[in-house]
Amino acid sequence: MSTAITGIGELVSWDPERPVRSDAALVIEDDVVAWVGDASQVPAADEVIDAAGAAVIPGFVDSHTHLVFAGDRSAEFAARMAGEPYVAGGIRTTVAATRAAGAAELTRLASARMAELRGQGTTTAEIKSGYGLDVATEELLLQVAGTLTEETTYLGAHVVPPELSASEYVELVTGEMLTRCAPHAKWVDVFCETGAFDADQARAVLTAGMAAGLSPRIHANQLGYGPGVQLACELGAAAADHCTYLSDADVAALAETGVVAGLLPGVEFSTRHPYPDARRLLDAGVRISIATDCNPGTSYTSSMPFCIALAVRDMGLTPTEALRAATEGGAVSLRRTDVGHLRPGARADLVILDAPSHVHLSYRPGVPLVRQVLIGGRVG
Ligand SMILES: N=CN[C@@H](CCC(=O)O)C(=O)O
Ligand SMILES: [Zn+2]
């Protein structure tokens, strides 16, 4: 089965020779991109989709989400907008609600959120556990996540639950909980921050996860300067996410090791912390991604276009750099080569925009510009 997309006003493929081109066409064979070229040379195909001058971009790769949770923290957000600071302990509110919800309710909630992501152009999403903080619930959250994505992350070490001491909990996270959760996860993550886990505890969590076959990523340097980024670089993590407060040494270590700096501007929008300086990172040669961090505490948005607009307006990126970080950057963060671009051989994950150019994603913030989403060549 082949599908030709014709009449593409602007195609973003991230081909090194012509990353953005006009008057293009693209052919999909089964679930992969088979051909990309000038509109005038498009080969015959079984069916045709006419983009009618619209822009076509790779589907967004959202490399950081917490989609499986129950409960509502809108009052906490409202209080923050009135001047209250964000504190990591708010996570425990969601833990109580999540433990009380059953598998069916958690599945319903997470599936609805995933549909929300897809409707806004996200075709690959990572999903973390982290709102269970006991063995059975963490395992359940990963089972639910696994029905929605192959990019599942064990985040037992989100915060210490009220019923245990920090040392008891690290023992659980690196012991019985890891044994039960590792079969359902690809990644291991830890929230390395004041109020969550310090450098030694975070190192113990990540190294135990690695010994169990998981690959490390980390929540680092979100609320203040700290050891998380250096730890990510020491362990060869795929990504250090947040990177809001970075010393010059942190930036140099990221550039040297190739650890992706995952930028999550929805968090700064929703906590009133300063936005990370993406320009400083790119200028230093650091690889970056942009993700939503969709979660009930610090960033309850499922919209990659919204995050792109924030990154352009407040983080020093051009519209093209921001889109690249939200697609190819996310793929690098997840160590994926089959998504995040539209070169021949890519999985046919793409978005037809209701706009002539990808610049409209930040030029028209808040406007629904996703006309059609294809995942593996099929209408999503
Ligand atoms: N930083 C840690 N975890 C989430 C926030 C979780 C919460 O407050 O519920 C984050 O990525 O921002
Ligand atoms: Zn997070």
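Residues numbered from 1 in each chain as written. Chains lettered and ligands numbered in written order. Predicted model: local features only at pLDDT ≥ 70, side-chain atom pairs only at ≥ 80, totals over all residues.

**Let's talk about the overall build of the chain**
A tally of helices and strands in the chain yields 15 helices and 17 strands. Taking 21 Å as the expected radius of gyration for a compact globule of 380 residues, we find that the chain reaches 20 Å, a close match to that expectation. Each principal axis of the C-alpha distribution contributes one length, and for the chain these read about 65 × 45 × 40 Å. Buried positions account for 55% of the 380 residues belonging to the chain. Contacts in the chain between residues at least 24 apart in sequence constitute 70% of all its contacts with a sequence separation of at least 6. (Helix = DSSP H or I, 4+ residues; strand = E, 2+ residues; numbered from the N terminus. Rg over C-alpha atoms; globule rule 2.2 N^0.38 Å. Buried ≥ 20, exposed ≤ 12 C-beta atoms within 10 Å, placed from the backbone. Contact = placed C-beta atoms within 7 Å.)

**Digging into the environment of proline 58**
Inspection of the secondary structure puts proline 58 in strand 5 (residues 55-58). Residue contacts for proline 58: discarding those within four places in its chain leaves Val12, Trp14, Thr327, Gly340, His341, Leu342, Asp349 and Leu350.

**A few points about helix 12 (residues 304-314)**
Quick reminder: α-helices carry 3.6 residues per turn. Residues three or four places apart thus point the same way. Among the eleven residues that make up helix 12, nine are buried, leaving the element largely enclosed by the rest of the structure. Among all positions of helix 12, only Met304, Pro305, Phe306, Cys307, Ile308, Ala309, Leu310, Ala311 and Val312 are buried. Glycine 316 lies just past helix 12 and shows a positive phi near 85 degrees.

**A short note on the pairing of strand 3 (residues 32-38)**
Pairing of strand 2 (residues 20-29) with strand 3 involves six bridges; the strand directions are antiparallel. Across the sheet, residue alanine 25 finds its bridge partner in strand 3, namely glycine 37. (Pairing = 2+ DSSP bridges.)

**Details of the UniProt feature "binding site: N-formimidoyl-L-glutamate" (unreviewed entry) in the chain**
The UniProt record annotates "binding site: N-formimidoyl-L-glutamate" (unreviewed entry) at Tyr131, Asn295 and Gly297. Despite a sequence span of 167 residues, these residues sit close together in the fold, their greatest C-alpha distance being 11.2 Å. Looking at the secondary structure, you find tyrosine 131 in the loop between strand 7 (122-128) and helix 4 (135-146). Within the secondary structure, glycine 297 sits in the loop between strand 14 (288-290) and helix 12. Of the residues examined, glycine 297 has 24 C-beta atoms within 10 Å and is grouped as buried. In contact with glycine 297, other than residues within four places in its own chain, are Arg73, Glu76, Gly90, Ile91 and Thr94. (UniProt positions renumbered as here; feature names shortened; annotations may be inferred.)

**Some words on the nonpolar core**
Formed by 125 residues in total, the largest nonpolar core has its most connected members in Leu26, Val56, Val205, Ile218, Ala240, Ile308 and Ala311. Considering each element in turn, this core owes the most residues, eight residues, to helix 12. With sequence-adjacent residues up to four places away left out, isoleucine 218 is seen in contact with Asp189, Val190, Cys192, Ala202, Leu206, Gly228, Leu231, Ala232, Ala237, Ala240 and Asp241. (Core = buried A, V, L, I, M, F, W, Y, C linked by C-beta atoms within 7 Å.)

**A word on the domain arrangement of the chain**
Taken as a whole, the chain is organised into domain 1 (2-58 + 341-379) and domain 2 (60-333). The centre of domain 1, based on its C-alpha atoms, is set 30 Å off from the matching centre of domain 2. Between domain 1 and domain 2, the contact holds 17 residues from the first and 19 residues from the second. Breaking the side of domain 1 that touches domain 2 down by element, the ones donating at least two residues are strand 5, helix 15 (360-363) and strand 16 (370-375). When residues of the side of domain 1 that touches domain 2 are assigned to their parent elements, the largest contribution, three residues, is made by strand 16. Across the side of domain 1 that touches domain 2, the residue classes tally to 13 nonpolar, three polar and one charged. (Domains from an automatic or database assignment. Nonpolar A, V, L, I, M, F, W, Y, C, P; charged D, E, K, R; others polar.)

**Let's talk about the pairing of strand 12 (residues 239-242)**
Alignment of strand 11 (residues 218-220) against strand 12, held across three bridges, turns out to be parallel. Note that in strand 12 the partner of alanine 220 across the bridge is histidine 242. Where strand 12 and strand 13 (residues 260-263) come together, three bridges link them in parallel fashion. Bridge pairing in strand 13 places alanine 239 opposite valine 260.

**Concerning helix 7 (residues 199-211)**
In this model, helix 7 (13 residues) spans 18 Å end to end at C-alpha, consistent with the 18 Å of a helix rising 1.5 Å per residue. One or two steps after helix 7, the chain reaches glycine 213, where phi turns positive at roughly 95 degrees. (Expected span 1.5 Å × (residues − 1).)

**A look at the environment of alanine 240**
Tracing the chain through its elements places alanine 240 in strand 12. Owing to 30 C-beta atoms within 10 Å, alanine 240 belongs among the buried residues under this scheme. Other than its neighbours up to four places away in sequence, alanine 240 contacts Ile218, Ala220, Gly228, Val229, Ala232, Leu254, Val259, Ala261 and Gly262.

**Quick look at the confidence of the model for the chain**
Chain-level pLDDT for the chain is 97 on average; 100% of the residues reach the 70-or-more range. The ipTM value of the predicted complex is 0.96, and its pTM value is 0.98. (pLDDT = per-residue confidence, 0-100.)

**Re the packing of helix 7 against helix 8 (residues 228-235)**
For any two helices packed against each other, the geometry comes down to the angle between their axes and how far apart the axes lie. It is the contact of helix 7 with helix 8, at a shortest axis distance of 10 Å, that shows an interaxial angle of 35 degrees. Where helix 7 crosses over helix 8, the handedness of that crossing is right-handed. Of the residues in helix 8, those touching helix 7 at Ala199, Ala202, Arg203 and Leu206 are Gly228, Leu231 and Leu235. (Axes fitted to C-alpha atoms, helices over the stretch in contact; angles between N-to-C directions. Left-handed = near helix turned anticlockwise from the far one by under 90°.)

**Describing unusual backbone geometry**
Positive phi, normally seen in glycine, also occurs at aspartate 30, with a value near 55 degrees. With respect to the helices, strands and loops of the structure, aspartate 30 is situated in the loop between strand 2 and strand 3. By the C-beta count within 10 Å, which is 12 here, aspartate 30 ends up exposed. Positive phi values are uncommon outside glycine, yet cysteine 243 reaches one of about 50 degrees. Note that cysteine 243 resides in the loop between strand 12 and helix 9 (248-257). Looking at cysteine 243, the number of C-beta atoms within 10 Å reads 28, which means it is buried.

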